[in-house]
Each structure stands twice: as structure tokens, then as C-alpha cells.
Amino acid sequence: MSITAEIPLLKATVSSGCNILTDQYDGAFNEYMRRWSDIDKKTPTAIVLPTSEQDIQITVQWAVKSSIPFVIKSGGPSEWSTIGTNGIIIDLSQYSAIQVNKEAGTVTLKGSVLSKEVAVRLADEGLCTALGNGNTVGAVGYFLGGGASIVTSVLGYGSDQIVSARMVTAGGDLVNVTQETHPDLLWAIRGAGQYFGLITELTVECHPLLALGNKRGVIWAGSFLFPLDRIREVCSVMKVIMDDSRHATAGLMMIMAPPPARNPSLIIAARYTGDPQDAPKAYRNLYELEPIVANGSEVPIQNTSDGREAIGAKGDFKRFGIVGLQDFNEDAFVQVADFWKEMVAECPDAINSAFNFQWDSRAPKTPKFDSAMSLHDTRYWQNNLIWHTDPKHRAKVDQYNERSIAIMRGPDETSYVDFQNGTRAGPIKRRYRPAGKLARLKKLKKEWDPEGVFTDHLL
Ligand SMILES: Cc1cc2nc3c(=O)[nH]c(=O)nc-3n(C[C@H](O)[C@H](O)[C@H](O)COP(=O)(O)OP(=O)(O)OC[C@H]3O[C@@H](n4cnc5c(N)ncnc54)[C@H](O)[C@@H]3O)c2cc1C
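Values in this document were obtained by computation on a predicted structure and should not be read as measured data.

**Remarks on the overall build of the chain**
Right, so step 1: Scanning the chain for helices and strands turns up 13 helices and 19 strands.
Right, so step 2: Rg of the C-alpha trace for the chain: 22 Å, near the compact-globule value of 23 Å for 459 residues, within the 12% margin.
Right, so step 3: Counting only C-alpha atoms, the chain reaches 70 × 55 × 40 Å along its principal axes.
Right, so step 4: The proportion of buried residues among the 459 residues of the chain is 57%.
Right, so step 5: Nonlocal contacts in the chain, meaning residues at least 24 apart in sequence, comprise 72% of its contacts between residues at least 6 apart.
Right, so step 6: Split by element, the accessible area of the chain, about 19000 Å² in all, is 51% carbon and sulfur.

If you want it as C-alpha cells, here you go:
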């Protein structure tokens with residue numbers, strides 16, 4: 001039977017609050033179709049909007065029974081929460097909640113709650129957790145896929161904060177995933193949580209704001225702007241800063257052309273965790289290069305990503321190109337700047353793109369437990385953002401991105417890794433290491449989702 005023919009059956013079993021949109025010419029359908037990126041955007045036969053855990057469970061049971069492929073959408077920025085007419089989207093935006101349990105030091109997240117909403121709510125309670133650098137990113141998806149945080153060296157990765165979950169399985173059951181009930185599954189969803197079931201609730205650890213190293217719940221954020229032709233001397237100074245673990249520096253070194261002037265520039269978006277008064281000392285050598293602009297001040301942790309708000313806009317062709325690296329290769333980064341210049345000359349609509357190197361001077365904090373997350377040895381990333389508007393340039397812009405990633409990672413396959421929240425393109429062994437960890441994940445996948453209801457990854 002076709003999906004359309006099966007939908008009345010679903011409508012008859014879910015609650016009256018659960019909307020099912022099927023008319024692709026309808027305004028609401030189109031509103032829910034708007035995504036962070038239009039790359040590979042597909043139109044499903046239906047968008048299901050559950051409002052309760054029971055609706056979610058019924059929808060999964062119905063889809064599995066009728067062999068209807070589906071994807072789960074939380075925040076919707078990834079390229080993996082879209083599906084064509086062969087399937088449906090289970091959109092969790094009408095089923096969203098944040099419940100803080102101050103006594104337990106945890107917060108329970110449901111549905112599509114956004115990272116910024118979580119950060120603000122926690123800060124109101126004098127708390128924080130390991131959130132990332134994108135206000136509009138769905139917090140649950142972020143945590144499940146590892147979660148590279150703005151405070152990884154202090155609190156660890158996002159997935160290190162996961163305490164427990166509730167999950168609808170491929171068999172349609174609702175399970176409590178805790179250390180006591182399903183320790184193996186908990187191990188797996190801490191970093192590979194998008195491949196085993198639909199997480200209806202995720203409980204993560206929170207920390208007093210004092211964990212940030214000051215009493216005001218702030219970190220220092222600043223930016224340094226240089227003309228791009230000074231890239232070599234800036235890189236030499238940055239290499240020393242990035243390797244100096246005496247100071248808790250972190251951030252992005254970005255090759256871009258910021259508005260309104262659109263001059264090719266090198267911008268260091270810098271952070272410092274600890275006492276903000278110490279930040280100027282940590283970045284002294286950068287100040288001494290006399291940037292065109294140098295500013296910095298303390299920022300409440302929940303507002304740290306506000307300066308990147310424009311990047312969260314929906315629409316256009318956007319994609320991250322990410323690779324985890326062992327060191328910072330200055331010569332390679334200078335070559336990347338040449339690729340960026342060539343790309344923008346050939347594809348002027350890609351002017352919003354930024355080819356970035358991301359660093360943390362300190363290693364990620366390692367949790368006391370083992371998990372699927374495999375990136376505690378990585379503190380350097382090439383983290384490109386491509387952003388363009390002309391469909392004719394789709395392949396070309398991707399090629400420049402791929403060339404720059406290739407030059408940064410070099411020829412030695414053992415010296416770089418992939419990040420599960422960034423890419424699903426390369427061999428899976430680059431995301432989950434060592435081989436024993438990947439084997440354990442594959443075994444668990446066979447146990448919990450042998451038919452690949454929640455993607456065929458790990459099968
Ligand atoms: C502007 C921007 C900034 C970013 N910054 C960071 C960062 O600092 N650190 C970082 O780690 N990542 C970052 N990301 C990447 C982001 O974490 C990933 O795209 C992540 O997958 C987003 O999760 P989501 O649920 O919002 O996205 P979606 O596209 O809705 O979902 C992503 C994947 O998770 C699955 N999924 C979603 N919800 C559930 C659920 N409840 N149960 C099971 N599976 C589910 C989806 O099916 C899909 O496969 C950023 C992305 C953007 C666009």
C-alpha cells in the first residue's frame with residue numbers, strides 16, 4: 001500500500017493534537033520544510049508532528065509495520081533529517097520541553113529544544129552544560145552525535161554529559177536507557193545516539209556556573225581582524241598560542257570576507273575560559289601584531305554564540321566540511337587561503353563561505369566512563385563553512401571545500417579523524433575508533449536495529 005493510503009490509519013490512532021501535514025502546497029507544510037541548508041533538500045509525503053511520547057511511539061510502530069521509511073527531525077540543520085516522497089519526517093518541534101532538576105544536577109531535554117534555549121534556561125538556574133557554537137542547533141541531536149562544545153576542555157564533549165534517555169526502539173518499544181537498565185546502549189548513545197532508536201527524552205548533566213573558572217558565569221570572547229595577505233605572520237603567532245596549554249584559549253581562525261566591506265580577511269574568533277582578566281595576557285602576541293580590529297570582553301556563557309547568529313539563518317546552500325587533526329600545518333592553511341580566494345573569484349555567490357581552523361589549547365576533558373565517543377584525543381579541526389546561492393555552482397563549491405580539507409589532512413590516513421556531527425560521508429572507522437569500539441557498536445546495532453530502521457549506519 002502507498003504511504004498516502006496508510007496515513008488515515010495513523011490519523012485514527014494518534015492523539016487529536018498530532019498534526020499530519022501532507023499537502024506540499026500548504027503554507028504550514030512549507031514552513032516545516034524550511035531548513036538550515038537547501039543542499040539535498042527533499043520533499044516527503046508527510047510531516048508528522050507528535051505532541052506526546054505516545055504519539056511518537058505510535059508513529060514509529062505504524063511506520064515500521066507499514067515499511068515506511070522515516071527520518072527524525074529535531075533542530076533540522078543536518079543533511080540527514082530530510083527524506084523524499086518514499087518516506088515521512090517525524091518532526092519533534094511540537095514536542096519540546098526543558099526540565100531542570102537542580103537537586104540531581106541534570107536537565108531533561110525533549111524534542112527540538114534549541115541549544116540557546118537550553119543555555120538560557122540553565123543560566124537562569126545558575127547552571128551550564130557542554131553546549132556548542134550554534135544557537136539554532138537542536139540540543140538533543142547535538143548531544144547524541146558527540147557535541148563539540150565551546151568549553152570542551154573544562155566540561156568535556158556534549159555526549160560526556162549524557163546520564164540517561166528514553167528511547168523508542170525499532171521494535172516500537174519504549175525503553176529507559178540508564179546505567180542500570182541498558183549499560184551497553186547508554187555506552188552507544190553517548191556519541192552514536194542517532195543510529196539506535198528515537199530518543200524521546202535525554203537527560204544530561206549540568207554544572208554550577210562556577211565550573212567556568214569565575215563567579216560570574218562568563219567566558220571571554222574577542223575578535224582580531226587582519227588583512228588576508230598577513231596570513232603567514234599571523235599563523236606563526238597563532239601556532240604558538242594554540243600549543244600553549246598554560247592558557248585556556250580556544251576558537252576559530254577564519255578565512256573570510258566579512259560584510260559590509262567584504263575584504264578578504266583573517267579573523268580570529270577567540271575565547272578564553274577562566275578569569276577573563278587573564279585573556280589579554282594569553283593573546284598578547286596577537287595584539288602586538290596590531291590587527292585592524294581587536295576587541296574582547298566577558299560574555300555570559302549563554303550568549304557566547306550570539307555573534308554567530310547570522311550563520312544560523314535558514315535557506316541557501318550551506319554545508320560544513322570538518323576534519324579532526326593532530327597539529328596545525330601553517331603551509332597547508334596558507335594554501336587553503338588560496339583555494340578560498342579562487343573559489344570566491346570563480347563563484348562570487350560563495351562570498352559568505354569561511355574556511356576555518358579551530359583549536360583548543362587544552363585537551364578535551366575525559367570522562368570517568370568509556371563511551372562510543374572517540375574524539376578525546378583531538379583538539380584541532382579544519383572546520384569549513386561553505387555558503388552559496390547559485391545552484392550552478394553546487395559541485396564547484398563542494399570541490400573547493402574538499403580540496404581544502406584534503407590539503408589540511410595530508411596523505412597519512414592515520415593522522416586525521418571525522419566527527420559524527422559533521423559528516424557521515426567517509427569510512428565509519430574514521431568516526432569511531434579504535435576497531436574494537438566500532439565492532440561493539442556494530443554488534444549493538446544488530447541487536448537493537450537489525451533492519452536499519454534508524455539508518456543503515458553500523459550495519
Ligand atoms: C550553525 C551550526 C553550528 C553548529 N555548531 C556545532 C557545534 O558547535 N558542535 C557540534 O557538535 N555540532 C555543531 N553543529 C552540528 C550539529 O550538532 C549537527 O548538525 C546535529 O546533527 C544537529 O542536530 P539536530 O537534531 O539539530 O539536527 P537534525 O538535522 O534535526 O538531526 C540530526 C540527526 O540526528 C537525528 N536525530 C535528531 N533528533 C533525534 C532524536 N530525538 N532521536 C534520534 N535521532 C535524532 C536525525 O534523524 C538526524 O540524523 C552545528 C550546526 C550548525 C548548522
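**Here we look at the state of the cysteines**
Right, so step 1: For the structure on display, the rule yields zero disulfides.
Right, so step 2: Not engaged in a disulfide, the cysteine Cys-206 finds its nearest cysteine sulfur in Cys-128; these two sulfurs lie 8.2 Å apart.

**Digging into the domain arrangement of the chain**
Right, so step 1: Segmenting the chain into domains produces domain 1 (3-94), domain 2 (97-210 + 439-448) and domain 3 (218-417).
Right, so step 2: The distance between the C-alpha centroids of domain 1 and domain 3 comes to 35 Å.
Right, so step 3: In this assembly, eight residues from domain 1 lie in contact with 12 residues from domain 3.
Right, so step 4: Counting each side, the surface lost to burial between domain 1 and domain 3 is near 880 Å², with a carbon and sulfur contribution of 53%.

**Some details on unusual backbone geometry**
Right, so step 1: Residue Pro-260 follows Pro-259 across a cis peptide bond; omega there is 0°.
Right, so step 2: Here Pro-260 lies in the loop between β13 (249-256) and β14 (265-272).
Right, so step 3: Residue Pro-434 follows Arg-433 across a cis peptide bond; omega there is -10°.
Right, so step 4: Looking at the secondary structure, you find Pro-434 in the loop between β19 (416-417) and α13 (435-448).
Right, so step 5: Even without being a glycine, Asp-40 presents a positive backbone phi close to 55°.
Right, so step 6: When you line up the elements, Asp-40 lands in the loop between α2 (27-33) and β2 (46-49).
Right, so step 7: For Asp-40, a relative accessible area of 48% translates into the label partly exposed.
Right, so step 8: One non-glycine residue, Glu-290, lies in the positive phi region at around 55°.

Conventions used here
- In this convention, every chain numbers its residues from 1, walking through the sequence in written order.
- Reporting of local features is limited, given that this is a predicted model, to residues whose pLDDT is at least 70; pairs of side-chain atoms are given and counted only at 80 or more, and all residues count toward the totals for whole chains, interfaces and linings.
- Side-chain figures throughout are based on the complete set of non-hydrogen atoms in the structure, without hydrogens or water.
- The helix count covers DSSP runs of H or I at least four residues long, the strand count covers runs of E at least two residues long, and both are numbered beginning at the N terminus.
- C-alpha atoms define the radius of gyration, and 2.2 Å times the number of residues to the power 0.38 defines the globule rule.
- Residue burial is assigned from relative accessible area. The probe radius is 1.4 Å, only protein chains are included, and a residue is buried under 20% of its type maximum, exposed over 50%, and partly exposed in between.
- Here a residue-residue contact requires only that any non-hydrogen atoms of the pair lie within 4.5 Å.
- Accessible surface is estimated by sampling points in the Shrake-Rupley manner with a 1.4 Å probe; for residues, cover comes only from the protein chains shown.
- Throughout, disulfides are identified as pairs of cysteine sulfur atoms within 2.5 Å of each other.
- Residue ranges assigned to each domain were obtained from an automatic or database domain assignment.
- Accessible-area loss on putting two parts together, using a 1.4 Å probe and summing over both, is the definition of buried area adopted here.

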